[in-house]
Amino acid sequence: MTKQKNTYKYSNFGNNVVDLRESRDFSQTYLADLLNLNKNVLGRIERRERPLRDVEILKLAEIFKVSTDLILDNKTEVDLDEQEKFLDYRRNNQKDISKQIPYFIEYLEREPGLTFEGRELSREERKDIAVAFEVVNRLIGEKLSQK
């Protein structure tokens, strides 16, 4: 068996995972369990033979209470004003239901196995729900614009 070429040599994410793990005196097995990974997979990550997946990066940040930039060894300078503008925008828009409805409709249309009161919805029923949301969204928008 040939050894896989390390294609992640320009990042220190593997060393950062080791340092974070050791800083908390976590064993590989313990951290692998927290990440829902096999210990051998975590070893490959630490040796930079396997990249971190986005959910693993987020989970590591949550476990160790550090930024994802620290895990990825990102040295990009952050413009705090721009970051704050983005965070404000996101906070304001996440609360705006009208901006979330298209995502929900997309979810209805593509997600298999959706149920309502324990019964799986047919494609036609999911389309009907999506149309209902579109109509309600339009009617509320019209009503609010009259105020």
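Check the entry above for the structure.
Residues numbered from 1 in each chain as written. Predicted model: local features only at pLDDT ≥ 70, side-chain atom pairs only at ≥ 80, totals over all residues. Heavy atoms only, no water.

1. A short note on the pattern of salt bridges
1) Next: Under the criterion given, the structure shown has 10 salt bridges.
2) Next: Between Lys85 and Glu82 there is a salt bridge whose closest N-O contact spans 3.2 Å. One end of the pair is Lys85 and the other is Glu82, both in helix H6 (residues 80-94) and 3 residues apart, which spans about a single turn.
3) Next: The class for Lys85 is exposed, based on a relative accessible area of 53%.
4) Next: For Glu82, a relative accessible area of 44% gives the class partly exposed.
5) Next: The network of salt bridges with shared partners includes Arg50, Arg53 and Glu56. (Salt bridge = Lys/Arg side-chain N within 4 Å of Asp/Glu carboxyl O. Helix = DSSP H or I, 4+ residues; strand = E, 2+ residues; numbered from the N terminus. Buried < 20%, exposed > 50% of the residue type's maximum accessible area, 1.4 Å probe, protein only.)

2. Topic: the side chain of Arg126
1) Next: With respect to the helices and strands, Arg126 occurs in helix H8 (residues 123-145).
2) Next: Summary of buried charges: Arg126 has no salt-bridge partner, and the nearest side chain of opposite charge, Glu120, is 6.3 Å away.
3) Next: In this structure the side chain of Arg126 is engaged in a polar contact, spanning 3.4 Å, whose partner is the backbone oxygen of Leu108.
4) Next: Ignoring anything within four residues of it in the chain, the contact list for Arg126 reads Leu108, Glu109, Glu111, Pro112, Gly113, Leu114 and Leu121. (Lys, Arg positive; Asp, Glu negative; His and termini not counted. Polar contact = N/O pair within 3.5 Å; in protein donor to acceptor, adjacent residues only side chain to side chain. Contact = heavy atoms within 4.5 Å.)

3. A short note on the nonpolar core
1) Next: Of all hydrophobic cores here, the largest spans 17 residues; its most connected members are Val17, Leu31, Leu35, Leu52, Leu60 and Phe64.
2) Next: Contributing elements (two or more residues each) for this core: helix H1 (13-23), helix H2 (28-34), helix H3 (39-46) and helix H4 (54-64).
3) Next: Of all the elements, H4 adds the most residues to this core, at 5 residues.
4) Next: Setting aside its immediate chain neighbours within four residues, Leu52 contacts Phe13, Val17, Ile45, Ile57, Leu60 and Ile71.
5) Next: Core analysis: the second largest hydrophobic core is formed by 6 residues, Ile101, Ile105, Leu114 and Ala130 among them. (Core = buried A, V, L, I, M, F, W, Y, C linked by side-chain atoms within 4.5 Å.)

4. Section: a nonpolar patch on the surface
1) Next: On the surface, Phe104, Tyr107 and Phe133 cluster together into a nonpolar patch covering about 240 Å² of accessible area.
2) Next: With respect to the helices and strands, the residue Phe104 is situated in helix H7 (residues 97-110).
3) Next: For Phe104, a relative accessible area of 33% gives the class partly exposed. (Patch = residues over 30% accessible without salt bridge, like charges linked within 9 Å, V, L, I, M, F, W, Y side chains within 5 Å. Areas by Shrake-Rupley, 256 points an atom, 1.4 Å probe, with all protein chains shown as cover.)

Without other data, these values stay purely geometric and don't point to any function.
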